[in-house]
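Coordinate inspection notes
Chain by chain, the residues:
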Amino acid sequence: MAIVSDRLLTYKRQVEQLMGKMEETGMETDEVHSEIGQLQLLIADEENKHKRYQIENIRRKHNYLPLIMELLKILAKEGQLQVLLAKAKEKTSQIHQKNDKKQC
């Protein structure tokens with residue numbers, strides 16, 4: 001795996017360079033403005049990507065086992081666990097029967 005610089009920093013540097021170039025020359029062209037706009041869109045995309053990754057990492061690290069156990073306890077108290085289990089077994093057997101028919 002290669003070491004790659006952060007795209008967000010790269011895009012921000014490019015915007016700064018273009019802004020500096022515009023200030024030095026004193027000329028503002030549509031081409032430079034469109035390039036800056038495109039880079040700003042890329043920056044926004046990278047920031048959104050970082051936010052999604054952060055949320056995904058939080059979900060991945062969270063321990064859902066206590067929640068699952070509590071839901072199973074509640075379903076068992078209300079008498080719905082056996083019904084749901086029977087439905088799940090029925091669905092599973094139907095899927096297995098369909099797969100067996102396809103293989104034949």
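Okay, so let's go over this structure. (Residues numbered from 1 in each chain as written. Predicted model: local features only at pLDDT ≥ 70, side-chain atom pairs only at ≥ 80, totals over all residues. Heavy atoms only, no water.)

What about the pattern of salt bridges?
Defined as follows: Any carboxyl oxygen of Asp or Glu that lies within 4 Å of a side-chain nitrogen of Lys or Arg is treated as forming a salt bridge with it. Strands here are runs of E lasting at least two residues and helices are runs of H or I lasting at least four, both read from the DSSP assignment and numbered beginning at the N terminus. Whether a residue is buried, partly exposed or exposed follows from its accessible area with a 1.4 Å probe, protein chains only, as a fraction of its type maximum: under 20%, in between, or over 50%, in that order.
Following the criterion strictly, the structure yields two salt bridges and no others. The salt bridge partner of K49 is E46, with a shortest N-O separation of 3.1 Å. With a gap of three residues between them, K49 and E46 both fall in helix 2 (residues 30-61), about one helical turn apart. Exposure remark for E46: the relative accessible area of 8% places this residue in the buried category. In this structure, R60 and E56 form a salt bridge, with 2.9 Å as the shortest nitrogen-oxygen distance. A residue pair is termed a helical-turn pair when its members lie 3 or 4 positions apart in one helix, as R60 and E56 do in helix 2 at four residues. Classification of R60 as exposed rests on a relative accessible area of 56%.

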